[in-house]
Amino acid sequence: MKLFGAQVKPVEGGFKEASSEAIREWAGKLETSYYLTGTAVGPHPCPSMVCEFQSVIGKETRRQAMEKWGGKPDVLIACIGSGSNAMGLFHEFIEDEEVKLIGVEAAGFGLDSGKHAATLSKGEVGVYHGAMSYLLEDEEGQIIRPHSIAVGLEYPGVSPQLSFLKDTERAEFHSSTDKEAVDAYLRLCRLEGIIPSLEASHALAYLEKICPALPNGTKVILNCSGRGDKDAGMVHNQKFCLN
């Protein structure tokens, strides 16, 4: 970002804290600042704008599927943190009810460990950063700090659009642990020479669970969102701790 001329203001914490500070900075200087977000959360119309812009992913997926298979895919899979890459893939196919939509969240150390970021799987409805969605919150409505080995998945809320897809049962949501994500990261590196992000590795890990149960010839597309160069050091340090 600095190479493109931006001034970068560091904050103490992770994605949640950075989002809070960006919204706080914007709200305090509305006449001189502009809130630019790449994630499908926050006040309207931000989630809708990001979803629309990211929908180029789904449009390109449909085009390539028609070229390769002469039809639509059967299953779409994407990781879920706040939800921008998942909605980018899903949006184009929401009306195609025969296409299964699957989101994979971060289970961290396990869904019952208290250290995860599985908002849709374990969260409750609440309001955060100006939007109603599923949240990781306690009985008093206070935000519970999320955990994931993938920094991009450490967010206590999720896109309102994904919350709607959950409530209408148009999409289904599952989760992968830190260890499963690291194993999937290493597997793709070894088999394909592709270094995935740890975020996308959560979706890759779910392939091990779903593929054995699918009929032969099922057309599955997984959104490998992001490069994993940034995560190589983390994987190297963590793979021994997690095994």
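Refer to the structure presented above.
The following paragraphs examine the structure supplied in this document.

Thresholds, definitions, all that
Residues numbered from 1 in each chain as written. Predicted model: local features only at pLDDT ≥ 70, side-chain atom pairs only at ≥ 80, totals over all residues. Heavy atoms only, no water. Pairing = 2+ DSSP bridges. Helix = DSSP H or I, 4+ residues; strand = E, 2+ residues; numbered from the N terminus. Axes fitted to C-alpha atoms, helices over the stretch in contact; angles between N-to-C directions. Salt bridge = Lys/Arg side-chain N within 4 Å of Asp/Glu carboxyl O. Buried < 20%, exposed > 50% of the residue type's maximum accessible area, 1.4 Å probe, protein only.

1. Describing the sheet that holds strand β1 (residues 75-79)
- Read across the open sheet, the four strands follow the order β5-β2-β1-β6; overall the sheet is parallel. Each of the sheet's edge strands pairs with one partner strand only, and the pair in question is β5 (171-177) and β6 (220-222). Neighbour-to-neighbour, the strand axes of the sheet open up by a mean angle of 25°, direction not taken into account.
- Across five bridges, the pairing between β1 and strand β2 (residues 100-108) is parallel. From the neighbouring strand, Cys79 faces β2, where its bridge partner is Val104.

2. Some words on the pattern of salt bridges
- Tallied over the full model, the rule gives 20 salt bridges.
- Of the charged contacts, one joins Glu25 and Lys29 as a salt bridge, the two residues approaching to 3.0 Å between their closest N and O atoms.
- As a salt-bridge pair, Lys230 and Glu199 come within 3.2 Å of each other at their nearest N and O atoms. Separated by 31 residues along the polypeptide, Lys230 in the loop between β6 and α9 (232-242) and Glu199 in helix α8 (residues 198-210) bring together distant segments of the chain.
- Given a relative accessible area of 11%, Glu199 falls into the buried group.

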